[in-house]
Amino acid sequence: MLEFIQQPWPWYVAGPLIGLTVPALLLIGNKSFGISSSLRHACAICVPANIPFFKYDWKKEIWNLFFVLGIVLGGVIAFFGLSNSDPIQISSSLQTDLAQNGITEIKGLLPEQLFAWSNLGTIPGFVVLVLGGFFVGFGSRYAGGCTSGHAISGLSNLQVASLIATCCFFIGGLLMVHFILPLILTL
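Residues numbered from 1 in each chain as written. Predicted model: local features only at pLDDT ≥ 70, side-chain atom pairs only at ≥ 80, totals over all residues. Heavy atoms only, no water.

Under the annotation held in an unreviewed UniProt entry, the protein carries the name YeeE/YedE family protein and is attributed to Flavobacterium erciyesense. Listed under Subcellular location (unreviewed entry) in UniProt, the entry text for the protein is "Cell inner membrane". (UniProt positions renumbered as here; feature names shortened; annotations may be inferred.)

Rendered as structure tokens:
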């Protein structure tokens, strides 16, 4: 059983399980799925300031914080108890593309040449880590939700705004990978 859990699940199993979470939340508790809203709930709990955006009954949404806590605990359990010791397989064409941009040390999901604390003092590292993080947060707030909220919950609820946001997320990702990141790495 442990070997079965440690293997990547095929898309036709994992996808429907994730997709069925949304209607289950709606049918069972009249709740909508999303992760970025949990930051607002945490801030409403921790920030006693008189900010109108954080003045609401966050106790009605505390289930969302438990959901995020479950995601974090699941990640910790998976990392320490279910990790696959085999190295991550990256296609040779991706390795070639990354090498053309100066990224040659690939030992995991995040190349250390981009995502290491030591790179924070460099211009490419600062742009990728700090400005990139800012734009992710700003975009999530500006779009009214994050990628999981729009792509999973919004699309399953047939919301046109979520379809537009999801298309923009993918277009932005493609632009970043093919045009902007190579430009940043030359700085």
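Participant: How should I be thinking about the UniProt feature "transmembrane region" (unreviewed entry) in the protein in this particular structure?
Facilitator: Sequence positions flagged by UniProt for "transmembrane region" (unreviewed entry) are, in local numbering, residues 12-30, 62-82, 114-139 and 160-185. For residues 62-82, the helix share is 95%, the strand share is 0%, and the end-to-end C-alpha distance is 29 Å. The span residues 160-185 is 100% helix and 0% strand, and its two end C-alpha atoms sit 36 Å from each other. (Helix = DSSP H or I, 4+ residues; strand = E, 2+ residues; numbered from the N terminus.)

Participant: Quick question: what am I supposed to make of the nonpolar core here?
Facilitator: Across soluble globular proteins, you tend to see nonpolar side chains buried next to one another. Membership of the largest hydrophobic core is limited to 7 residues, which are L98, I103, L114, V127, V128, L181 and I184. At the level of secondary structure, the elements contributing two or more residues to this core comprise helix 6 (123-142) and helix 8 (160-185). Sequence-distant contacts of I103, that is, excluding residues within four places in its chain, are made with L98, P111, Q113, L114 and L185. (Core = buried A, V, L, I, M, F, W, Y, C linked by side-chain atoms within 4.5 Å. Buried < 20%, exposed > 50% of the residue type's maximum accessible area, 1.4 Å probe, protein only. Contact = heavy atoms within 4.5 Å.)

Participant: Explain helix 2 (residues 11-29) to me, please; I cannot follow it from the model alone.
Facilitator: Counting along an α-helix, one turn takes 3.6 residues, and residues three or four places apart therefore face a common direction. Look at helix 2: 27 Å from first C-alpha to last across 19 residues, which is about the 27 Å you get at 1.5 Å a residue. A positive backbone phi angle near 55° is found at N30, which sits one or two residues after helix 2. (Expected span 1.5 Å × (residues − 1).)

Participant: What's the story with the packing of helix 3 (residues 37-46) against helix 4 (residues 62-81) in this structure? I'm lost.
Facilitator: Closest axis-to-axis distance for the helix 3/helix 4 pair is 9 Å, and the angle between their directions is 115°. For the pair helix 3 and helix 4, the crossing hand works out as left-handed. On helix 4, the residues touching S37, S38, H41, A42 and I45 of helix 3 are N64, L65 and V68. Within the contact of helix 3 with helix 4, the residues separate by chemical class into 4 nonpolar, 4 polar and no charged. (Axes fitted to C-alpha atoms, helices over the stretch in contact; angles between N-to-C directions. Left-handed = near helix turned anticlockwise from the far one by under 90°. Nonpolar A, V, L, I, M, F, W, Y, C, P; charged D, E, K, R; others polar.)

Participant: Even after reading the chapter, I still don't get the packing of aromatic side chains, so can you show me in this structure?
Facilitator: The description of an aromatic ring pair rests on the distance of the ring centres and on the angle between the ring planes. Tallied over the full model, the rule gives 7 aromatic pairs. By way of ring pairs, the aromatic residues F134, F135, F138 and Y142 are connected into one cluster. R40 extends its terminal NZ or CZ atom over the ring of F53, reaching a point 4.2 Å from the ring centre. (Phe/Tyr/Trp six-rings, centres within 6.5 Å; stacked < 30°, edge-to-face > 60°. Lys NZ or Arg CZ within 6 Å of the ring centre and 35° of its normal.)

Participant: It is not clear to me how a nonpolar patch on the surface should be interpreted in this structure. Could you clarify?
Facilitator: On the surface, W117, L120, F126, V130, L131, F134, F135, F138 and Y142 cluster together into a nonpolar patch covering about 1000 Å² of accessible area. Taking relative accessible area as the criterion, F138 reaches 46% and is therefore assigned partly exposed. (Patch = residues over 30% accessible without salt bridge, like charges linked within 9 Å, V, L, I, M, F, W, Y side chains within 5 Å. Areas by Shrake-Rupley, 256 points an atom, 1.4 Å probe, with all protein chains shown as cover. Salt bridge = Lys/Arg side-chain N within 4 Å of Asp/Glu carboxyl O.)

Participant: What exactly am I supposed to notice about the state of the cysteines here?
Facilitator: In a disulfide, the sulfur atoms of two cysteines are held together by a covalent bond. Under the defined criterion, the tally for this structure stands at 0 disulfides. Sulfur of C43: no disulfide; nearest cysteine sulfur belongs to C46 and is 7.1 Å away. Look at C43 and you get partly exposed, because its relative accessible area is 24%. Residue classification places C46 among the exposed positions, given a relative accessible area of 61%. (Disulfide = S-S within 2.5 Å.)

Participant: Explanation requested: the side chain of S153 in the structure shown.
Facilitator: As for its placement among the helices and strands, S153 is situated in helix 7 (residues 147-156). Once residues lying within four places of it in the same chain are set aside, the contact partners of S153 are V22, S32, F33 and S148.

Participant: Looking at this structure, how should I read the confidence of the model for the protein?
Facilitator: Close inspection of predicted coordinates is inappropriate for parts of the model with low pLDDT. Confidence in the prediction for the protein averages 85 pLDDT; 100% of positions are at 70 or higher. Confidence scores differ between elements of the protein, with helix 1 (residues 2-6) showing the lowest mean pLDDT of 76 and helix 8 the highest of 92. (pLDDT = per-residue confidence, 0-100.)

Participant: I keep staring at the side chain of S140 and nothing clicks. Help me out?
Facilitator: Here S140 shows up in helix 6. We classify S140 as buried; its relative accessible area is 16%. Every residue in contact with S140, bar those within four places of it in the chain, is listed here: S36, G145 and C146.

Participant: Whenever I open this one, unusual backbone geometry confuses me. Can you help?
Facilitator: Negative phi is the rule for most residues except glycine; trans is the rule for most peptide bonds. Residues other than glycine seldom take positive phi values, yet N30 does so here, at roughly 55°. With respect to the helices and strands, N30 occurs in the loop between helix 2 and helix 3.

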